[in-house]
Amino acid sequence: MNKRIRLQDIGLKDYKETWEYQELLFKEIVDIKVKNRREATQLLTPNHFLFVEHPHVYTLGKSGDIDNLLINEEELASKGASFYKINRGGDITYHGPGQIVGYPILDLDNFFTDIHKYLRFLEETVILALAEYGLNAERSQGETGVWLDVGTPFARKICALGVRASRWVTMHGFALNVNTNLGYFDYMIPCGIKDKAVTSLNVELGKEQVSLEEVKQKLLKHFKTLFEAEFIS
């Protein structure tokens, strides 16, 4: 069992390039697991955690509805945005500068084999980090992600989740709005949910900018505690 996680902060990176990199890391882990089973070896599987920001992009999960993207290809181009249909769960999501995207690529056999628990731990990581800024973030019944003012007319989403898992290996992850341009959410129905707004950390704190590095460190602290993990470079 290996609870060490290799941490990489790859900065601002094209979505497709990052997706392909995730796939390479994912395949590396799966191949080791297949080899262990086939040849009765005991090779340790690695774990990875990527931090990244993406240029403006909309992604649609495998169960999503394309009608939740409200602009066409020409309009996407005029906004400097791209679009991809991808292999995670969930509906449509926006990524862009000022948003912290976290991609844990983990072999859950190293931690626990429970996808529901995994998703809840990702949410809890964000909830605990936001609590350090004085925000009472919560889960919303029947909806993944992290929300504020749940159960009120002012409910708004601050963090989206969408993952893929196969052979207990994960990819994709969470997207936390920190200094995000929320105007880009006007061109979609976020996660297919029509009656709730989105928000960002800087808006909630009434600040022009919040330190991305500071938020990342808080996220890593709580992720490490929840998963009983060790980060390595």
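Bear in mind that the values here come from a model prediction, so they are computed numbers and not experimental data.

Novice: Is there a simple way to think about the packing of helix H3 (residues 115–131) against helix H5 (residues 212–227) in this case?
Specialist: A pair of packed helices is captured by two measures, namely the crossing angle of their axes and the spacing between those axes. Put simply, H3 and H5 touch, their axes get as near as 8 Å, and they point 140 degrees apart. Looking at the two axes, H3 sits oblique to H5. In this structure, the crossing between H3 and H5 has a hand that is right-handed. Contact with H3, carried on its side by Tyr 118, Phe 121, Leu 122, Glu 124, Thr 125, Val 126, Leu 128 and Ala 129, involves Lys 218, Leu 219, His 222, Phe 223, Leu 226 and Phe 227 of H5 and no other residues of that element. Residues belonging to the contact of H3 with H5 are distributed by class as follows: ten nonpolar, two polar and two charged.

Novice: Before we go on, may I ask you to explain the pattern of salt bridges in this structure?
Specialist: Should the charged atoms of two oppositely charged side chains come close, the side chains can pair. In this structure the tally under the stated criterion is 17 salt bridges. Where Arg 120 meets Glu 123, a salt bridge forms, and the shortest distance between an N and an O atom there is 2.7 Å. Here Arg 120 pairs with Glu 123, and both are found in helix H3, just three residues apart, close to one helical turn. We note that Arg 120, like Glu 123, is buried. Salt-bridge contacts for Glu 124 lead to Arg 139; the nearest nitrogen and oxygen are separated by 2.9 Å. Residue Glu 124 is located in helix H3, and its partner Arg 139 is located in strand E7 (residues 137–140); the two are separated by 15 residues in the primary sequence. Among the charged side chains, a salt-bridge network with shared partners connects Arg 120, Glu 123, Glu 124 and Arg 139.

Novice: Help me out: how do you make sense of the nonpolar core in this one?
Specialist: For soluble globular proteins, nonpolar side chains are generally found buried alongside one another. Counting residues in each nonpolar core, the largest one holds 38 residues, and the members touching the most others are Leu 130, Leu 176, Val 215, Leu 219 and Phe 227. For this core, the secondary-structure elements that each account for two or more residues are strand E2 (48–53), H3, strand E8 (143–148), strand E9 (156–166), strand E10 (169–177) and H5. A per-element tally of this core places H3 first, with eight residues. When sequence neighbours within four positions are dropped, the list of residues in contact with Phe 227 reads Lys 3, Leu 106, Phe 111, Phe 112, Tyr 118 and Phe 121.

Novice: Looking at this structure, I do not really get the side chain of His 48. What am I missing?
Specialist: Along the chain, His 48 falls in strand E2. Discounting chain neighbours no more than four positions away, the residues touching His 48 are Ile 5, Arg 6, Gln 8, Leu 25, Glu 28, Ile 29, Tyr 103, Pro 104, Ile 105 and Leu 106.

Novice: Would you take a moment to explain the sheet that holds strand E3 (residues 57–60) for this structure?
Specialist: Strand pairing in a sheet is mediated by backbone hydrogen bonds. Such pairs are either parallel or antiparallel. Strand order in the open sheet formed by three strands is E4-E3-E5, and the pairing between neighbours is mixed. Of all strands in the sheet, those bounded by a partner on one side alone are strand E4 (82–85) and strand E5 (92–95). Neighbour-to-neighbour, the strand axes of this sheet turn through a mean angle of 20 degrees, independent of strand direction. Where E3 meets E5, four bridges bridge the pair, whose relative direction is antiparallel. When the sheet's bridge partners are listed, Leu 60 is paired in E5 with Ile 92. With respect to the sheet, helix H1 (residues 15–39) is in contact with E3, E4 and E5, its orientation differing from that of E4 by roughly 30 degrees.

Novice: Hey, could you run me through H1 in this one?
Specialist: Since one α-helical turn is 3.6 residues long, residues separated by three or four positions face the same way. The end-to-end C-alpha separation of H1 is 36 Å, in line with the 36 Å expected for 25 residues at 1.5 Å each. Its side-chain oxygen at 3.0 Å from the backbone nitrogen of Lys 16, Asp 14 defines the N-terminal cap of H1. Just downstream of H1, Ala 40 is the residue with a positive phi angle, here 55 degrees.

Novice: Quick question: what am I supposed to make of unusual backbone geometry here?
Specialist: Among all residues save glycine, negative phi is the norm, and among peptide bonds the norm is trans. Phi angles above zero are rare outside glycine, and Asp 149 is one such case at about 55 degrees. Overall, Asp 149 belongs to the partly exposed group, its relative accessible area being 34%. Non-glycine residue His 172 carries a positive phi angle of around 60 degrees. Mapped onto the elements, His 172 comes out in strand E10.

Novice: Would you explain the side chain of His 172 in this entry?
Specialist: Taking relative accessible area as the criterion, His 172 reaches 2% and is therefore assigned buried. Within polar-contact distance, the side chain of His 172 engages the side chain of Asn 87 at 2.8 Å. With near-sequence residues (within four places) excluded, His 172 lies in contact with Tyr 15, Trp 19, Gln 22, Ile 86, Asn 87, Arg 88, Gly 102, Tyr 103, Pro 104, Gly 162, Val 163 and Arg 164.

Novice: Looking at this structure, I do not really get the pairing of E7. What am I missing?
Specialist: Both faces of the sheet carry side chains from a regular strand, because those side chains alternate between them. Looking at chain direction, E7 and E8 are connected through three bridges and run antiparallel. Directly across from Glu 138, in E8, lies its bridge partner Trp 147. Here E7 folds back onto E8 in antiparallel fashion, the turn holding two residues, of which Gly 142 has a positive phi close to 80 degrees.

Reading guide: rules and limits
Once a new chain begins, its residue numbering starts again from 1 and follows that chain's sequence as written. Selection of residues for local features in this predicted model requires a pLDDT of at least 70, selection of side-chain atom pairs for listing and counting requires 80 or more, and totals for whole chains, interfaces and linings are taken over all residues. To get the side-chain values, take all heavy atoms of the structure and skip hydrogens and water. To obtain each axis, a line is fitted to C-alpha atoms, and for helices this fit is confined to the stretch in contact; angles are then taken between N-to-C directions over 0 to 180 degrees. Each helix is a run of DSSP H or I of at least 4 residues and each strand a run of E of at least 2, with the numbering of both proceeding from the N terminus. If an angle is under 35 degrees, it is roughly parallel; if it is over 145, roughly antiparallel; if it lies from 65 to 115, roughly perpendicular; otherwise it is oblique. Crossing handedness follows the turn of the near helix against the far one: under a right angle anticlockwise gives a left-handed crossing, and clockwise gives a right-handed one. Contacts: residue pairs with any heavy atoms within 4.5 Å of one another. Classification used: nonpolar for Ala, Val, Leu, Ile, Met, Phe, Trp, Tyr, Cys and Pro, charged for Asp, Glu, Lys and Arg, polar for all others including Gly. For salt bridges, the criterion is a side-chain nitrogen of Lys or Arg within 4 Å of an Asp or Glu carboxyl oxygen. For every residue, the accessible area (1.4 Å probe, protein chains only) is compared with the maximum for its type, and the residue is labelled buried under 20%, exposed over 50%, or partly exposed between those bounds. Among buried residues, those of type Ala, Val, Leu, Ile, Met, Phe, Trp, Tyr and Cys that are joined through side-chain atoms within 4.5 Å constitute a nonpolar core. Paired strands are those between which DSSP finds at least two bridges. By this rule the span expected of a helix is its residue count minus one, scaled by 1.5 Å. Two N or O atoms count as a polar contact when they lie within 3.5 Å, although within protein this holds only if one can serve as hydrogen donor and the other as acceptor, and sequence-adjacent residues are included solely when both atoms are side-chain atoms.

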